[in-house]
Amino acid sequence: MNEGCVPTKTLLRSAEVMHLVKARAFEFGVRGVEPSAISFDLAAAVARKDTIVKGVIDGIYVALRRNKNITFYAGRAEFTSAVEIRVNEVVIQADKTILAVGAQPAPAEIPGLKEAGYITNYEALSLGKLPASLIIIGAGYVGVEFAQMYSRFGAKVTLIGRSSQVMPKEEPELSEILGEILRAEGVDLHTSTEVIRVERQNGRRTVIPRRGDTEMRFEAEAILLAAGRIARVDSLGLDQTGVELDGFYLKADEQLRTTASNIWSIGDANGDHMFTHRATYDGPIAALNAVRNLDKTVDYRVVPRAVFTEPALASVGLTEAQARDAGLEVKVGKAYFKHSGRAKALGQIEGLVKLVTDAKTNELLGGHILGPHADILIHEVVAAMYNRGTIEAIAKSIHIHPTLPEVLKSAAKALG
Amino acid sequence: MNEKYDLAVIGAGQGGLPAAHMAANLGAKVALIEMREVGGT
């Protein structure tokens, strides 16, 4: 709420409006817009974001105050034993604890980066002035969204990712198109490229990456590090509790219980599926297990995910390659937004829907959408997969014309 | 100063908040602790 979901989506909306007005208004028949006269006021966009975030935060405090069973403590928590937590001058005694500590950007391990100075997604949401140039290290969720955002704001953006594609875990075909779209908008994208060191001279920052044997140099005013997140556990005093980590994340079982029998952990800190909606799903389950001693287990079979670029990339379940690697006989159905009348009307014809099914049973195994409002469209697949639905639910049900979900239906029918 | 609770929830983000509210609604006395701003990332 403060440095992720809503703030980035708010600023991405500013980026979208800027792009529409500056690059596309003429195409839609709008006259009198002089692209060279248009500028972007980042401080104003940040102020809009802050107002929106404050409204949500105020609502959270109201709900907390209304709940008489909750006492809120503002401060750093530190375990002094498995059942005692110090916060400021108070020692909280609790037989049971739920850790909802979240994650933070992984520390900079690239030589010279710390000395040269860099920002993370947190600072990138509150800059008072637009940097003329920005190098983003990491081409996953955070890197890709900020690359498009800052490029559309007017910064010269260089995006560097180690993997051979942006959004490394997603369907290669969709990631490839998203990468090309970013390039077409002016993002200088370098995949299969690893940053080996960073230098700072005369106020300029130079990032030195390598692609194969070729060393490159990119200069910019600012560097944004977006290369992974780790559990936020420093100074929690976990050594007093028996709670163990597995690498950078907390160890938790299917009931969200940590290696300490009276402590549960939820959300990003547990690694995998590091999305807000997963934490929101985990929370009540951990509460039921802790308070009522239930043995409720989490079910991560169907966890959707999205990157909120334009077009957005959203997916759920297995990619085609993952399904084949799992030994399944797979069928794939595809449909392209360029054949959709509604997508044409919107002027958003890039991208496609790719559905992956079990060839024997027709059960949906995965859905992958790159296109307008993919983050919304994916939920038809989510609902079908949750019920272990077959492709017929999408292929045979009546879809409103003209709408974008018709593209999903076309992909499902292509499987028939 | 010592305060006794049935459950402590460390972190008032989008996971900690529903956990705390669910526990409280089940009747537990809950201490919710946050070192940054509520609402999480």
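Everything quoted here is computed from the prediction, not taken from an experiment.

About the criteria used
Residues numbered from 1 in each chain as written. Chains lettered and ligands numbered in written order. Predicted model: local features only at pLDDT ≥ 70, side-chain atom pairs only at ≥ 80, totals over all residues. Domains from an automatic or database assignment. Core = buried A, V, L, I, M, F, W, Y, C linked by C-beta atoms within 7 Å. Buried ≥ 20, exposed ≤ 12 C-beta atoms within 10 Å, placed from the backbone. Helix = DSSP H or I, 4+ residues; strand = E, 2+ residues; numbered from the N terminus. Contact = placed C-beta atoms within 7 Å. Pairing = 2+ DSSP bridges. Axes fitted to C-alpha atoms, helices over the stretch in contact; angles between N-to-C directions. Nonpolar A, V, L, I, M, F, W, Y, C, P; charged D, E, K, R; others polar. Expected span 1.5 Å × (residues − 1). Arc of directions from axis to C-beta.

To continue, consider the domain arrangement of chain A. Often, the extent of an interface is quoted as the loss of accessible area on bringing the components together. Along its sequence, chain A is organised into domain 1 (73-105 + 230-292) and domain 2 (305-413). Averaged C-alpha coordinates put domain 1 of chain A and domain 2 of chain A at centres separated by 36 Å.

The next subject is the nonpolar core. Residues and elements named next belong to chain A. One finds Ile136, Ile223 and Leu224 to be the most contacted residues of the largest nonpolar core, which totals 80 residues. It is helix H5 (residues 141-153) that contributes the most residues to this core, 8 residues altogether. Those residues within four positions of Leu224 in sequence are excluded, and the remaining contacts are Tyr118, Ile119, Ala124, Leu134, Ile136 and Phe146. Core analysis: the next-biggest nonpolar cluster, separate from the first, contains 52 residues, Val87, Val243, Ile285 and Val291 among them.

Here the focus is the sheet that holds strand S20 (residues 330-336) of chain A. All names here are of chain A. Strand order in the open sheet formed by 5 strands is S18-S19-S22-S21-S20, and the pairing between neighbours is antiparallel. The sheet is open, and its two borders are formed by strand S18 (305-307) and S20, each paired with just one other strand. The mean angle between the axes of side-by-side strands here comes to 10°, regardless of whether they run parallel or antiparallel. Where strand S21 (residues 352-358) and strand S22 (residues 364-371) come together, 6 bridges link them in antiparallel fashion. Bridge pairing in S22 places Leu355 opposite Gly367.

Listed by partner, the interface residues are 47 residues for chain A and 37 residues for chain B. Counting residues per element, the ones that place at least two in the side of chain A that touches chain B are helix H2 (42-66), strand S1 (70-74), strand S3 (84-87), strand S4 (90-99) and helix H7 (276-292) of chain A. Counted by class, the side of chain A that touches chain B contains 28 nonpolar, 13 polar and 6 charged residues. Judged from the 8 bridges that link them, S4(A) and strand S1 (residues 2-10) of chain B form a sheet pairing that is parallel. Paired with A:Val91 across the two strands is B:Asn2, which belongs to S1(B).

On to helix H6 (residues 172-184) of chain A, then. It helps to recall that an α-helix has 3.6 residues per turn; residues three or four apart then point in one direction. All names here are of chain A. With 13 residues, H6 extends 18 Å between its outermost C-alpha atoms, agreeing within 8% with the 18 Å of an ideal straight helix rising 1.5 Å per residue. Taken residue by residue, H6 has Leu174, Ser175, Leu178, Gly179 and Leu182 as its buried positions. One side of H6 carries all its buried residues, which in axial view fall inside an arc of 140°. Exposed and facing more than 90 degrees away from the buried side of H6 are Arg183 and Ala184. Next to the buried residues of H6 lie H5, strand S7 (156-160), strand S8 (188-190), strand S19 (312-317), S21 and S22. In the segment just after H6, Gly186 is the residue with positive phi, at about 110°.

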